[in-house]
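Each chain, written out:
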Amino acid sequence: MAELLQYTITGIAVGMIYALIALGFALVWKSSSVANLALGQLVLISSWFTYGMLVQAKFPLWIGFPLTILFALFLGWMIERFTLRPLIAQPILSLITVTLGVAYFLEGLVTFVWPVSVGALPRFFPQEPIYIGPAVVSQEYVWAAGISLLLFGLLSLFFKYHRMGIAMRATADDQLAVQACAIPVTSVFSTSWMFACVVAAIGGVLISSIGGVTFGLVETGLKSFSVVILGGLDSFVGCIVAGPIIGLAENLGGGYLTQFIGPGIKDIIPFIIIIIVMVIKPYGLFGETRIERI
Amino acid sequence: MDLPCGTRNYDYARDMAVLRTKTHWMLFIGLLAVVFTAPLYWSNYWLGVANLIGITIIAAIGLNILIGYCGQLSIGHAGFMAIGAYTTAVLTGKLGFPFLGGLICSGFTAGFIGLIFGLPSVRVKGFYLAITTIAAQFIIIWVINHWAPVTGGFVGLKVPYASIGDFIFRSKASQFYLIMVIAALCILFDKNLARGRIGRAFIAVRDNDLAAEVMGINLAYYKLLAFFIGCFLAGIAGALFAHWVGFLNAESFTLSDSILYIGMVIIGGLGTTLGPVLGAILIRLLQQGIMYISPLLEGTFPTLPAGFTTGIGPMVFGLVIILFLVFEPRGLAHRWMLFKAAYRLWPFSY
């Protein structure tokens, strides 16, 4: 029983982080219908950057984190400006593969600058574990889930009330109409990329505060694709609902199936979920079903 | 198709011929002569590189059928290669199959597994399919790593040399001939596939799948057929790779490799026969160049960071993919066409 509760709580917490990263994807997809396959690498590079700031350059937290956020903003702007803007109105295949190119480049950059394979971030959450009923959960998970929820709240408010947020929603709805209203679509695109990078960076820092900075972070980013797929590509609500589901499936499956199937089953459960969703309900739980006409 | 002056189409067979003019024939025979005498004057090292290029060409052709002709993005190509490689390793190494039997079986195994992972393509496309194939890549590699009794798990698997009858392809030169013959057959197959009914159906599906369906093309059939053929070729390439390296490990078939294959197809030119060949050659030579130059650079500039050698490769490839997509999305094959047109018309530009 204690085991079950423990898996559930960790699952939901990790799922919230996945959901946060997935939100970055949904943001870009919604505003510019570009599928960002470099998600994992964005998580990777911003976590390593945090490592570089906090551990290698020995900045205190209050300088290191804002620097990471700035770096993420810059990264997002760069990616949008130099790879995606020249490709506006190109076929979707080019848009997807260019993000693969970006992914490849970023991965190379990380091995270039940080040739070590594992790094540990300093502990910035309290160490004492929390006792919830019979389960013992380390505080990092609770904090991570809390921060993710908080960011969700802030982002929803931003989309509801801020001018840019409204412009982004409008762009998602109809690009031509938005241009007619004198909203600069390109700046909406680059804002959405900057947001996506920031969200990926925060998700990356949260994940790596739990598990350390490794190359496995790429897989973490890729796992959040299963969140996107399950929730529906263009749905924020979908992310919030699907994230914990994926996290739960991963942790419960990892906890109870390992003895039957073997170690490491945890790592591919999200991918199996992707295949299942694709076969049964390809547009996800909350996604908009597309009807095409000639 | 652009042809020199005076080349007329007297009958259908001549119209359809791949080699149309005397110059074509001469160049073709010259190429054959160069390729098939190459082992006489190339060192073993460069023969190894050429073997890898040949294997890569086969895989890239498969991916080109899938992406370039049929428009179905697959980011799990290295995974399907892994299936082919491990199939032949198990069949020839453990069960004593002959090499050719193992080769064909690897193709079919990879093809059928590709078919399974291609099933979602009947309902979805674009990004959804890309994600499915990424999932396929991870699931395949995971199974290989964890199904230790059959695949050797993380330890790996030894593969015997390829052999036909009593002849064993042990030397680099004999492997070179084997790989080049199969690669040439694959190129021919690709060329003819693209010109026939199937290839045209693929192109119709790529350009507008709804319109294709209205025209009477069975979408599900052709999409799955593309997956089957693409993965079949990946399986063949994987099997050749297995016999070529002699020792298999899932490390050789990572997601990065899958992306690299996509890069090759894009750099070469999507939807052309020439494209994947050029792309494979360019990327593999680029890899050789980087391998050659990075220790030199590191020796000359000691201030370079320690990850220079491992990091510079992916950075360059990522950059090349991005630059090609931005500046020449139709790839090297298109450049080659332009060059041919300019050469034909020279010195007049019209």
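In this text the structure is predicted, and so the values were computed from the model without any measurement.

Asker: When you look at the overall build of chain A in this model, what are you seeing that I'm missing?
Answerer: In terms of regular secondary structure, chain A is built from 11 helices and 2 strands. If you list the helices and strands of chain A from N to C, you get α-α-α-α-β-β-α-α-α-α-α-α-α. Taking the principal axes of its C-alpha atoms as reference, chain A extends roughly 60 × 50 × 35 Å. Expressed as a percentage of its 294 residues, the buried residues of chain A come to 50%. Considering only intrachain contacts with a sequence separation of at least 6, the fraction spanning at least 24 residues in chain A is 76%.

Asker: Sorry, what's going on with the overall build of chain B here?
Answerer: Secondary structure summary: chain B contains 15 helices and 4 strands in total. Taken over the C-alpha trace, chain B has a radius of gyration of 21 Å; the compact-globule value for 350 residues is 20 Å, and the two agree within 12%. The C-alpha extent of chain B, read off along each of the three principal axes, is 60 × 55 × 50 Å. Here chain B holds 350 residues, and the buried ones make up 45% of them. Nonlocal contacts in chain B, meaning residues at least 24 apart in sequence, comprise 76% of its contacts between residues at least 6 apart.

Asker: Just checking my understanding: could you explain the packing of helix 4 (residues 92-113) of chain A against helix 14 (residues 308-327) of chain B for this structure?
Answerer: Between two packed helices, what matters for the description is the angle formed by their axes and the separation of those axes. Relative to each other, helix 4 of chain A and helix 14 of chain B sit at 160 degrees, their axes nearing to 7 Å. Classified by the interaxial angle, the pair formed by helix 4 of chain A and helix 14 of chain B is roughly antiparallel. At the point where helix 4 of chain A passes helix 14 of chain B, the crossing takes the left-handed sense.

Asker: What is the right way to read the interface of chain B and chain A from this model?
Answerer: A common way to express how large an interface is: the accessible area buried when the components associate. With 44 residues of chain B in contact, the opposing surface of chain A contributes 42 residues. Secondary structure elements with two or more residues in the side of chain B that touches chain A: helix 6 (127-146), helix 10 (209-214), helix 12 (255-268) and helix 14 of chain B. Top element by residues in the side of chain B that touches chain A is helix 14 of chain B. It accounts for 14 residues. Of the residues belonging to the side of chain B that touches chain A, the class tally is 32 nonpolar, 11 polar and 1 charged.

Asker: Would you take a moment to explain the packing of helix 1 (residues 2-32) of chain A against helix 9 (residues 216-231) of chain A for this structure?
Answerer: Residues and elements named next belong to chain A. The N-to-C vectors of helix 1 and helix 9 enclose an angle of 75 degrees; their axes lie 8 Å apart at closest approach. In terms of their interaxial angle, helix 1 and helix 9 are classed as roughly perpendicular. For the pair helix 1 and helix 9, contact is made by Tyr-18, Ala-19, Ile-21, Ala-22, Phe-25 and Ala-26 and by Gly-221, Lys-223, Ser-224, Val-227 and Val-228, respectively. Residue composition of the contact of helix 1 with helix 9, by class: 8 nonpolar, 2 polar and 1 charged.

Asker: Could you clarify how one ought to interpret the environment of Thr99(A) in this entry?
Answerer: Residue and element names in this part refer to chain A. Secondary-structure assignment places Thr-99 in helix 4. Measuring from C-alpha to C-alpha, the distance between Thr-99 and Ile-79 comes to 8.8 Å, with 20 residues separating the pair along the chain. Excluding anything up to four places from it in sequence, Thr-99 contacts Ala-35, Asn-36, Leu-37 and Ala-38.

Asker: When you look at helix 3 (residues 61-84) of chain A in this model, what are you seeing that I'm missing?
Answerer: Three- or four-residue spacings in an α-helix give side chains the same orientation, since the helix completes a turn every 3.6 residues. The end-to-end C-alpha separation of helix 3 of chain A is 33 Å, in line with the 34 Å expected for 24 residues at 1.5 Å each. Gly64(A), Thr68(A), Ala72(A), Leu75(A), Gly76(A), Ile79(A), Glu80(A), Thr83(A) and Leu84(A) are the residues of helix 3 of chain A that are buried. Contacts made by the buried residues of helix 3 of chain A are with helix 2 (39-56), helix 4 and helix 8 (185-211) of chain A together with helix 14 of chain B.

Asker: Just to check I follow, could you spell out helix 13 (residues 274-300) of chain B for this structure?
Answerer: If you check helix 13 of chain B, its first and last C-alpha atoms are 38 Å apart, about what 27 residues at 1.5 Å a residue would give, namely 39 Å. Of all the bends found along helix 13 of chain B, the most pronounced is centred on Ile293(B) and spans about 25 degrees, while Pro295(B), a proline, follows it within four residues.

Asker: Explanation requested: the environment of Ala201(A) in the structure shown.
Answerer: Residues and elements named next belong to chain A. Looking at where Ala-201 falls in the secondary structure, it is placed in helix 8. On the basis of neighbour counts, which here come to 28 C-beta atoms within 10 Å, the residue Ala-201 falls in the buried class. In this structure the C-alpha to C-alpha distance between Ala-201 and Val-43, which are 158 residues apart in sequence, comes to 5.5 Å. Apart from the residues within four sequence positions on either side, Ala-201 is in contact with Ser-46, Thr-68, Ile-69 and Ala-72.

Asker: Just checking my understanding: could you explain the confidence of the model for chain A for this structure?
Answerer: In this model, chain A carries an average pLDDT of 86, and 100% of its residues clear a pLDDT of 70 or more. Ranking the elements of chain A by mean pLDDT puts strand 2 (residues 135-137) of chain A last with 77 and helix 3 of chain A first with 91.

Asker: Any chance you could explain the confidence of the model for chain B here in plain terms?
Answerer: Close inspection of predicted coordinates is inappropriate in any region flagged by low pLDDT. Here chain B averages 89 in pLDDT, and 99% of its residues register 70 or above. When mean pLDDT is taken per element in chain B, helix 11 (residues 219-245) of chain B scores highest with 94 and helix 1 (residues 12-16) of chain B scores lowest with 82.

The rules behind the values
- Residues numbered from 1 in each chain as written.
- Chains lettered and ligands numbered in written order.
- Predicted model: local features only at pLDDT ≥ 70, side-chain atom pairs only at ≥ 80, totals over all residues.
- Helix = DSSP H or I, 4+ residues; strand = E, 2+ residues; numbered from the N terminus.
- Buried ≥ 20, exposed ≤ 12 C-beta atoms within 10 Å, placed from the backbone.
- Contact = placed C-beta atoms within 7 Å.
- Rg over C-alpha atoms; globule rule 2.2 N^0.38 Å.
- Axes fitted to C-alpha atoms, helices over the stretch in contact; angles between N-to-C directions.
- Parallel < 35°, antiparallel > 145°, perpendicular 65-115°, else oblique.
- Left-handed = near helix turned anticlockwise from the far one by under 90°.
- Nonpolar A, V, L, I, M, F, W, Y, C, P; charged D, E, K, R; others polar.
- Expected span 1.5 Å × (residues − 1).
- Bend = angle between axes of the 7 residues up to and from the residue.
- pLDDT = per-residue confidence, 0-100.

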